Amino acid sequence: MNVRWKIGSLLLATVTFTPVVRAEVKVIDANAGDNWLTLAGALNNADDGDILVLKPGDYTPPDRNTLFVSGVTVTLIGVGTPRPTLGPIEVRDVPPAGLVVIRGLQLGESEVPDWLGFSMPGLTTSKSAGSIWIEDCVIEGMNGTGALPDRFFPPFNHHGSPAVHVSNCDSVTLQRCTLSGGRGAPYAQQPGFELFATYGGEGLAVGNSSVVATDCVMLGGAGGNGQTIDGSQGASGANGAFAQTFCMLYLTDCSLTGGSNGVSNTSVTDGAGNGLTLQMSTAFQRGCSLTPGQLLEEGVAA
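Everything quoted here is computed from the prediction, not taken from an experiment. Per chain, the residues get numbers from 1 upward, laid out in the order the sequence is written. Owing to the predicted nature of the model, reporting of local features is limited to residues with pLDDT of at least 70; listing and counting of side-chain atom pairs is limited to 80 or more, with chain, interface and lining totals taken over all residues. Excluded from the side-chain calculation are hydrogens and water; included are all heavy atoms of the structure.

Let's talk about the overall build of the protein
Helices and strands together make up the secondary structure of the protein, namely two helices and 23 strands. Split into buried and exposed, the 302 residues of the protein put 47% on the buried side. Put simply, of all contacts in the protein between residues at least 6 apart along the chain, 73% involve residues at least 24 apart. Secondary structure follows DSSP: runs of H or I at least 4 residues long count as helices, runs of E at least 2 residues long count as strands, and numbering of each begins at the N terminus. When accessible area is computed with a 1.4 Å probe and restricted to protein chains, residues below 20% of their type maximum are described as buried, those above 50% as exposed, and intermediate ones as partly exposed. By the convention used here, residues are in contact when the closest approach between their heavy atoms is within 4.5 Å.

Following this line, the structure appears as structure tokens:
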């Protein structure tokens, strides 16, 4: 038998019988009554390279649970007006050389759902060696609200959550995005309980990660009014951006503004947030504005 023919036949058989996974473009319409394809279902069944195109509508799951993009490289693109909206989303475990893109969406919820025991960022990215690219998005953290009591714990107020929380990621890029941290909850009383005022959430909170931001607006959430758990009056406003523990931030043409402090009629309050706060981290800035939050006088509503 001709050796060249034999080798060629084996190669042809390998090519012929090896399954090929093809990336797909999937259009998802939240307003199509007979549309079988939901965003959660598409994410759960996505292959590397898939592009998910979202038409205008609300894609927050009925159970208000967080949507996950985990271990797969996909693109989520919002088209049309108004922006497609969805509740909190988490991108995690992006593999080395992988890329996840999120573009043209509004992310996050304003209030903490009654059943949820903590406030959630609009966007969380975690444990990713690959790249995450966020573009032309409006992202909001949850406002602090009271938690329902259960058998073991009394009710309490949540803090405002960051708009974007980044942890243990090698490469996160934000372009032309608006990030608004959630407001802190105000002091309130319930029969037998006190719900203390809580602090606001950062526009961008980063830990042990590298982040590049261009032409972005980052707003810290205001602190809640009234007494805090440590006895002070009025909770602290949050930072426009906060980075701690070996972070590298590269900021170009961004506006970073801290949140105002909460207030009380009885005494001087905690401080307002900074435009940018760094702890064991480094930031390189070009063309950015850093503005501390408004320091409100006692008796003035936040």
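Considerations on the confidence of the model for the protein
Every residue gets a pLDDT, meaning the predictor's confidence in that residue, from 0 to 100. Averaged over all residues, the pLDDT of the protein is 85; the fraction at 70 or higher stands at 81%. For residues 1-20, every residue scores under 50 in pLDDT, and the model assigns this stretch one contact once sequence neighbours within four places are set aside.

Examining the pairing of strand β3 (residues 67-70)
A one-sided burial pattern is seen for β3, the buried positions being Leu-67 and Val-69 and the unburied ones Phe-68 and Ser-70. A pair of strands is treated as paired once DSSP finds two or more bridges between them. The pairing of β3 with strand β6 (residues 89-92) spans four bridges and is parallel. What sits directly across from Val-69, in β6, is Val-91.

Structural notes on the pairing of β6
Judged from the four bridges that link them, β6 and strand β9 (residues 123-135) form a sheet pairing that is parallel. Residue pairing for β9: Ile-89 is matched across the bridge by Leu-123.

Considerations on the nonpolar core
Residues enter a nonpolar core if they are buried and are Ala, Val, Leu, Ile, Met, Phe, Trp, Tyr or Cys, with the set joined through side-chain atoms within 4.5 Å. Ranked by size, the top nonpolar core spans 49 residues in total, and within it Leu-39, Ile-102, Leu-204 and Met-218 carry the most contacts. Considering each element in turn, this core owes the most residues, five residues, to strand β11 (residues 164-175). Residues within four places of Leu-39 in sequence aside, it is in contact with Ile-28, Leu-52, Leu-54, Tyr-59, Leu-67, Leu-76 and Leu-86.

Here's the deal with the environment of Gly-71
Residue placement: Gly-71 occurs in the loop between β3 and β4 (75-78). Overall, Gly-71 belongs to the partly exposed group, its relative accessible area being 43%. Those residues in contact with Gly-71 that lie beyond four places of it in its chain are Arg-92, Asp-93 and Pro-95.

Focus: the pattern of salt bridges
A pair is scored as a salt bridge if a Lys or Arg side-chain nitrogen falls within 4 Å of a carboxyl oxygen belonging to Asp or Glu. Tallying each qualifying case throughout the model produces four salt bridges. Of the charged contacts, one joins Arg-176 and Glu-135 as a salt bridge, the two residues approaching to 3.3 Å between their closest N and O atoms. A residue pair is termed long-range when its members are at least 10 positions apart, and Arg-176 in the loop between β11 and β12 (178-180) and Glu-135 in strand β9 qualify at 41 residues. Two residues, Asp-136 and Arg-176, come together in a salt bridge whose shortest N-O distance is 2.8 Å. Taken as a pair, Asp-136 in the loop between β9 and β10 (138-140) and Arg-176 in the loop between β11 and β12 lie far apart in primary sequence, 40 residues in all. Overall, the relative accessible area of 24% leaves Asp-136 in the partly exposed class.

Quick notes on the environment of Ser-232
Turning to its location among the elements, Ser-232 is positioned in the loop between β17 (217-219) and β18 (241-244). Residue class for Ser-232 comes out buried when judged on its relative accessible area of 19%. Remark: the alpha-carbon pair of Ser-232 and Ser-264, spanning 32 residues in sequence, is separated by 9.4 Å.

What about the packing of aromatic side chains?
Centre distance and the angle of the planes are the two values used to describe a pair of aromatic rings. Each aromatic pair joins two rings of Phe, Tyr and Trp (for Trp, the six-membered one) with centres within 6.5 Å, and gets the label stacked for planes under 30 degrees apart, edge-to-face for over 60, and tilted for any other angle. Taken as a whole and assessed by the stated rule, the structure comprises two aromatic pairs. Relative to Phe-284, the ring of Tyr-250 has its centre 5.5 Å away and its plane inclined at 10°; by these criteria the two rings are stacked. Of this pair, Tyr-250 sits in strand β19 (residues 248-252) while Phe-284 sits in strand β22 (residues 282-286); the two residues are 34 residues apart in sequence, bridging distant segments of the chain. What makes Phe-284 partly exposed here is its relative accessible area of 43%.

Focus on the sheet that holds β17
The strands making up a sheet associate through hydrogen bonds between their backbones, and the pairing can be parallel or antiparallel. Spatially, the seven strands line up as an open sheet ordered β5-β8-β10-β12-β17-β20-β23, and their pairing is parallel. Looking at the sheet topology across the chains shown, the edges are occupied by β5 (85-86) and β23 (289-291). With two bridges connecting them, strand β8 (residues 106-107) and β10 associate as parallel partners. Bridge pairing in β10 places Leu-107 opposite Ile-139.

Examining unusual backbone geometry
In this model, Thr-81 is joined to Pro-82 through a cis peptide bond whose omega is -5°. You can see Pro-82 is positioned in the loop between β4 and β5. Even without being a glycine, Asn-208 presents a positive backbone phi close to 50°. Summarising the element assignment, Asn-208 is placed in the loop between β15 (204-207) and β16 (210-214).

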